[in-house]
Amino acid sequence: MTVEMNGKVLLTGATGFVGGRLLHALTGHGIDVRCLVRSPDRLRNQLFPEEEVEIFQGDLLKDENLDGVLEGIEVAYYMVHSMGGRTIGENKVFAERDRIAAENFIRAADKAGVSRVIYLGGLGETGDQLSKHLASRQEVAQILSSGSAQTTELRAPNIMGAGGAPFEMLRYLVERLPVMVCPRWIETRCQPIDIRDMVNYLLGCLREPATAGLSFDVGGPDIVTYREMMEIYTKVRSLKRLIITVPVLTPRLSTYWVNLVTPVPSGVVNPLVEGLRNEVICRENRIRELIPMQLMPLEQSICNALKEVEKGPGKLVSQQACFFQDRKSNT
Ligand SMILES: NC(=O)c1ccc[n+]([C@@H]2O[C@H](COP(=O)([O-])OP(=O)(O)OC[C@H]3O[C@@H](n4cnc5c(N)ncnc54)[C@H](OP(=O)(O)O)[C@@H]3O)[C@@H](O)[C@H]2O)c1
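Here's a quick rundown of the structure.

1. Some words on the overall build of the protein chain
For step 1, the next point in the chain: Summing up its helical and strand segments, the protein chain has 14 helices and 13 strands in all.
For step 2, the next point in the chain: Here the protein chain holds 331 residues, and 57% of them are scored as buried.
For step 3, the next point in the chain: Once local pairs closer than 6 in sequence are excluded, the contacts in the protein chain between residues at least 24 apart make up 80%.
For step 4, the next point in the chain: By element, 50% of the accessible surface of the protein chain is carried by carbon and sulfur atoms, the whole surface being about 14800 Å².

2. Structural notes on the pattern of salt bridges
For step 1, the next point in the chain: For the structure on display, the rule yields 18 salt bridges.
For step 2, the next point in the chain: Put simply, Arg171 and Glu168 hold a salt bridge, and the shortest N to O gap is 2.8 Å. With a gap of three residues between them, Arg171 and Glu168 both fall in helix α6 (residues 165-176), about one helical turn apart.
For step 3, the next point in the chain: On the basis of relative accessible area, Arg171 is assigned to the buried category, the value being 13%.
For step 4, the next point in the chain: Residue classification places Glu168 among the buried residues on the basis of a relative accessible area of 1%.
For step 5, the next point in the chain: A salt bridge links Arg283 to Asp217, with the shortest nitrogen-to-oxygen separation between them at 3.0 Å. Note that Arg283 is positioned in the loop between α10 (266-275) and α11 (286-290) and Asp217 in strand β11 (residues 215-217), a separation of 66 residues in sequence.
For step 6, the next point in the chain: Residue classification places Arg283 among the partly exposed positions, given a relative accessible area of 48%.

3. A word on the nonpolar core
For step 1, the next point in the chain: If you look at the biggest cluster of nonpolar residues, it comprises 42 residues, and the most contacted ones within it are Leu170, Tyr226, Met229, Met230 and Ile302.
For step 2, the next point in the chain: If you list the elements that add at least two residues to this core, you get α4 (94-112), α6, β8 (179-182), α8 (226-236), α9 (251-261), α10 and α12 (298-311).
For step 3, the next point in the chain: No other element matches the six residues that α6 contributes to this core.
For step 4, the next point in the chain: Sequence-distant contacts of Ile302, defined by excluding residues within four places in its chain, comprise Met160, Phe167, Leu170, Met229, Ile232, Tyr233 and Val236.
For step 5, the next point in the chain: With 38 residues, the next largest nonpolar core counts Leu23, Leu47, Leu120 and Phe216 among its residues.

4. Focus on the site of the ligand
For step 1, the next point in the chain: Taken together, 21 residues form the shell around the ligand, and within it Thr15, Phe17, Arg42, Asp59 and Arg137 come nearest.
For step 2, the next point in the chain: A total of 910 Å² of accessible area belongs to the ligand in isolation, and the protein chains cover 89% of it.
For step 3, the next point in the chain: Looking at the shell around the ligand, the elements that each hand over two or more residues are α1 (17-28) and β5 (116-122).
For step 4, the next point in the chain: In terms of residue class, the shell around the ligand is built from eleven nonpolar, six polar and four charged.

5. Examining the packing of aromatic side chains
For step 1, the next point in the chain: Under the criterion given, the structure shown has four aromatic pairs.
For step 2, the next point in the chain: Aromatic pair Phe167 and Tyr233: ring centres 6.3 Å apart, planes at 45°, arrangement tilted. Of the two residues, Phe167 is situated in helix α6 and Tyr233 in helix α8; the sequence distance between them amounts to 66 residues.
For step 3, the next point in the chain: Look at Trp185 and Tyr226: their rings are 6.1 Å apart centre to centre, the planes differ by 90°, and that puts the pair in the edge-to-face class. Note that Trp185 is positioned in the loop between β8 and β9 (189-190) and Tyr226 in helix α8, a separation of 41 residues in sequence.
For step 4, the next point in the chain: Here Trp185 falls in the buried class, since its relative accessible area comes to 13%.
For step 5, the next point in the chain: A connected cluster of aromatic rings, assembled from ring pairs, spans Tyr78, Phe105 and Tyr119.

6. Considering the environment of Arg227
For step 1, the next point in the chain: Positionally, Arg227 belongs in helix α8.
For step 2, the next point in the chain: When the C-alpha atoms of Arg227 and Arg189 are compared, they prove to be 9.0 Å apart, with 38 residues separating the residues in sequence.
For step 3, the next point in the chain: Discounting chain neighbours no more than four positions away, the residues touching Arg227 are Ile186, Glu187, Ile243 and Thr245.

7. Remarks on α6
For step 1, the next point in the chain: Helix length check: α6, at twelve residues, gives a terminal C-alpha distance of 16 Å against a target of 16 Å (1.5 Å per residue), a fit within 8%.
For step 2, the next point in the chain: Within α6, nine of the twelve residues are buried, which leaves the element mostly enclosed by the surrounding structure.
For step 3, the next point in the chain: For α6, the complete set of buried residues consists of Ala165, Phe167, Glu168, Met169, Leu170, Arg171, Tyr172, Leu173 and Val174.

8. Some remarks on a nonpolar patch on the surface
For step 1, the next point in the chain: Together, Val179, Val181, Leu242 and Ile244 give the surface a local cluster of nonpolar side chains, amounting to about 300 Å² of exposed area.
For step 2, the next point in the chain: When residues of the nonpolar patch are traced back to their parent elements, those giving at least two are β8 and β13 (242-245).
For step 3, the next point in the chain: You can see Val181 is positioned in strand β8.

9. A word on unusual backbone geometry
For step 1, the next point in the chain: Not every positive phi belongs to a glycine, and Ser238 is a case in point at roughly 50°.
For step 2, the next point in the chain: Considering the arrangement of structural elements, one finds Ser238 in the loop between α8 and β13.
For step 3, the next point in the chain: Accessibility expressed as a relative area gives 65% for Ser238, which makes it exposed.

Reading the values: the criteria
- Residues numbered from 1 in each chain as written.
- Predicted model: local features only at pLDDT ≥ 70, side-chain atom pairs only at ≥ 80, totals over all residues.
- Heavy atoms only, no water.
- Helix = DSSP H or I, 4+ residues; strand = E, 2+ residues; numbered from the N terminus.
- Buried < 20%, exposed > 50% of the residue type's maximum accessible area, 1.4 Å probe, protein only.
- Contact = heavy atoms within 4.5 Å.
- Areas by Shrake-Rupley, 256 points an atom, 1.4 Å probe, with all protein chains shown as cover.
- Salt bridge = Lys/Arg side-chain N within 4 Å of Asp/Glu carboxyl O.
- Core = buried A, V, L, I, M, F, W, Y, C linked by side-chain atoms within 4.5 Å.
- Near = heavy atom within 4 Å.
- Nonpolar A, V, L, I, M, F, W, Y, C, P; charged D, E, K, R; others polar.
- Phe/Tyr/Trp six-rings, centres within 6.5 Å; stacked < 30°, edge-to-face > 60°.
- Expected span 1.5 Å × (residues − 1).
- Patch = residues over 30% accessible without salt bridge, like charges linked within 9 Å, V, L, I, M, F, W, Y side chains within 5 Å.

Encoded structure:
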């Protein structure tokens, strides 16, 4: 894929799972990138030696320190969310934080005359039954679209890659539990997408002006239940696992269970597990015509993520695979 871009691109969330990989893809295409991060040191530790990016320190929750960050920027990626807090109090207010961060961002973008915003949000129907996490992702999309920039929203399901919450939850659950007593939500269907395909769609939006100002559902080639996802992982690893479904596990009990078994921070697990009752399946596939690519099957995606995990720390992708471990031990 060729991506031509003359101006500088602003990337938020560059220290995150998706943003970190998008950063490599952007610099790999020779695109001039400015990153807005809370912790420049964390970002510097994740850069490849040859990688040069402009780093701007700022917190989207603090309106006053965003002055200048979007000056001279034509396109900005919004790859931020506030889940993963370290205290129960922080975890309860992630939606409010995400609202404030998006409002501060779009105000600064309008002031600087940014023409395009590309936002990675979440799939899921609208309505009362939507989980707090998915409803918050949709609220952020609305806030970003209220500005004068043309906002592209990519509504994504679980993104599979080493270091990402969906894959790490799957990995730890299946690896650690020979007998899995699972709640009913394991029969919910989803359409996971590989991290490389996700990054290619994000890059493609930069290249394809027809995506400006529109919202697209994105997903992988396989529609599976969470049970089938666990079975595919089991097959790839040649493990023997027994999966038993019980009706009594409430979302709250399920989060205790996932928190106990996986090192993924509770601030990420709780809203994600609550959201597992909602199907995340594309309602339309217009993106496939605008940004055509061969999508990676789930089984291959799991194989690739496991290979990255095996490599261990050293390069960004595998360093992130150990990221949750580090985070949890620091709390
Ligand atoms: N991962 C998935 O499977 C998935 C699926 C669908 C949609 N998405 C969407 O993709 C986007 C990125 O997700 P992710 O998995 O990459 O998340 P992530 O790894 O948790 O990264 C979140 C990023 O947001 C930054 N951030 C949080 N609060 C901030 C603030 N106040 N100011 C500046 N930066 C802030 C974090 O910076 P620090 O390093 O400073 O904390 C981090 O870089 C989110 O919108 C998410 O909803 C993800």
